[in-house]
Amino acid sequence: MPLKKSASAHKRGGLAGADSELLSEENLDEKIQEYIPVEIDSARGLVDFCNNIGNVLENSDDWEKRIKALKELRGLMFSGVDHFKEFKQSVNGLSRALEKCVKDLRSQVVREACLTVSAMSTEMKNSFGPLAEKLLHPLFSQLLINVKVMNVSAHICCRRIVSCTQYAKMIPIICDSVLKSKSAMCRRRCAEYIELIFQVWDVALINKNLTILESSIKSGINDADSETRTFSRQTFWLYHEYFTKNAENMMKTFDTSKQKMLRETKLGKSGSVSSTASTLKRGTKLAPGSSATLPKPPTISKSTPDLSQLGKYATSARTPRSTTKPRTGTTKSNVSSPTGDKMSTSDDRKQRRARSQTQRVGGVIKSKSTVLSPASSHRRGSHSSAGGGVKKSKSTVMREDRSSPVVRQNPRGRTVRSQTSINVDDVSLRP
């Protein structure tokens, strides 16, 4: 039978050809199409064909014949014989032959076996479940091999099986590897398959094995391997979408650091780590379809501020201070105080001057006009009488009072004389 597509790797043979064409999610469908087409007209012919293929895969020592038989079996999936009743039974009878090919020591045979199993899962869907259940353990054993062609091919094949075939009995096999496997690579891959199950499988099938899935997620979050923990944290939030209460109860069983990592994983998946206020400009909408906008702060003019418009931004408003002195004889315009009352500038100045000019002397408040000593009082009276009752100016009195002694009486009853020094702007007594 002629090949539909030439298999260059098969012609070259050996490890070199296999290493040059690693399987991946992108090229898997293309590589599956490299098969040998077959023609089967009856159910009897289908049964004979499957028996011959199984005999070659199990008993032949020639690896090239085994590769050819695998390509023919892959061609059977595209020959349109799935309508026969004997199709499922005949294919499921090849489980032992396929297990042997998956565990083969030659990487080229393992690669072709993984391609064939992937094609069978893609075409047969859930009907491939009983055969997939038997092939998972041999595929998991290939994940531990150091040969890259073999472990990558097994991994891609397992992902295709989990994606296309939903069979409830597969879940305990995958979860047991997460819980019990001593290999970090095997636990990591199976944690990835559990995440894929929560992404594509029906919730009813997940619910049947919910207990062991919860144990696997919890064990994966506490795993020693960092990538296993990452896959398990991502699976936790998929699990949270379907079973919110159970997920919240599981969250409480973790310590603070693991809870923090779970929340960071959720933020990383949603893609909004930074705050909305720091990423959006003022006046722009918070989210598409949302009418809420960030408030614009009111514009404050350089003139008299209107505190009623400031709102929460008016925490401490100050009255602007004039930098120019008002001319003598002119009255300055009224300015609004922070409390809202209008006060004349000249009246305000008088009040401040009156407060600064008062002094506490011996427990009695005396202003500048108060007579400070008997001597100064006698002198002021003599000047008044000598001047014919004419009162002298304040500056004249202050200059005369500078040399006037002050008579005090200390607690012991002695008379003490001290010289007073009076400042025109601020009256202060210095002994």
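In what follows, the structure referred to is the one given above.
Quick look at the structure, then. All values reported here derive from a predicted model rather than from experimental measurement.

1. Looking at helix H11 (residues 170-180)
Those residues of H11 that sit buried are Met170, Ile171, Ile173, Ile174, Cys175, Ser177 and Val178. In this fold, the buried residues of H11 make contact with helix H9 (129-142), helix H10 (148-164), helix H12 (184-200), helix H13 (203-208) and helix H14 (210-221).

2. Observations concerning H10
Taking 1.5 Å of rise per residue, the 17 residues of H10 would be expected to cover 24 Å, and the 24 Å separating its terminal C-alpha atoms lies within 8% of that figure. Burial within H10 is extensive, with 15 of its 17 residues counted as buried.

3. Some details on the environment of leucine 94
By the element assignment, leucine 94 lies in the loop between helix H6 (86-92) and helix H7 (95-102). According to the relative accessible area criterion, leucine 94 is buried, its value standing at 3%. Note: C-alpha distance between leucine 94 and leucine 57 (37 residues apart in sequence) is 9.1 Å. When residues no more than four places from it in sequence are discounted, the contact partners of leucine 94 are Cys50, Gly54 and Leu73.

4. Thoughts on the state of the cysteines
Here a disulfide denotes one covalent bond, and it connects the sulfur atoms of two cysteines. Scanning the model with the defined rule gives zero disulfides in all. The thiol of cysteine 114 is not disulfide-bonded; the next cysteine sulfur, from cysteine 157, is found 4.7 Å away.

5. Some thoughts on the pattern of salt bridges
On inspection of all chains with the given rule, the structure shows 13 salt bridges. Linking aspartate 223 and arginine 187 is a salt bridge whose minimum nitrogen-to-oxygen distance equals 2.8 Å. On the criterion of sequence distance, the pair formed by aspartate 223 in the loop between H14 and helix H15 (226-242) and arginine 187 in helix H12 is long-range, its members being 36 residues apart. Residue aspartate 223 shares its accessibility class with arginine 187, and that shared class is buried. Here aspartate 225 and arginine 188 are joined by a salt bridge, their closest N and O atoms 3.0 Å apart. Residue aspartate 225 is located in the loop between H14 and H15, and its partner arginine 188 is located in helix H12; the two are separated by 37 residues in the primary sequence. Across this residue pair, the class does not change: aspartate 225 and arginine 188 are buried.

6. Description of the packing of aromatic side chains
Evaluated as defined, the whole model comprises seven aromatic pairs. Seen from their ring centres, tyrosine 35 and phenylalanine 78 are 5.0 Å apart, and the 15° between their planes marks the pair as stacked. Of this pair, tyrosine 35 sits in the loop between helix H3 (28-32) and helix H4 (43-59) while phenylalanine 78 is found in the loop between helix H5 (63-76) and H6, placing the two residues 43 residues apart along the sequence. Residue class for tyrosine 35 comes out buried when judged on its relative accessible area of 7%. Relative accessible area serves as the criterion here: at 29%, phenylalanine 78 is assigned to the partly exposed category. Centre to centre, the rings of tyrosine 242 and phenylalanine 243 are 6.4 Å apart; their planes meet at 55°, and the pair counts as tilted. A residue is classified by how much of its surface remains accessible, and phenylalanine 243, at 13% relative accessible area, is buried. Through pairs of rings, three or more aromatic residues link up here, namely Phe198, Phe236, Trp237, Tyr239, Tyr242 and Phe243.

The rules behind these values
- Residues numbered from 1 in each chain as written.
- Predicted model: local features only at pLDDT ≥ 70, side-chain atom pairs only at ≥ 80, totals over all residues.
- Heavy atoms only, no water.
- Buried < 20%, exposed > 50% of the residue type's maximum accessible area, 1.4 Å probe, protein only.
- Helix = DSSP H or I, 4+ residues; strand = E, 2+ residues; numbered from the N terminus.
- Contact = heavy atoms within 4.5 Å.
- Expected span 1.5 Å × (residues − 1).
- Disulfide = S-S within 2.5 Å.
- Salt bridge = Lys/Arg side-chain N within 4 Å of Asp/Glu carboxyl O.
- Phe/Tyr/Trp six-rings, centres within 6.5 Å; stacked < 30°, edge-to-face > 60°.

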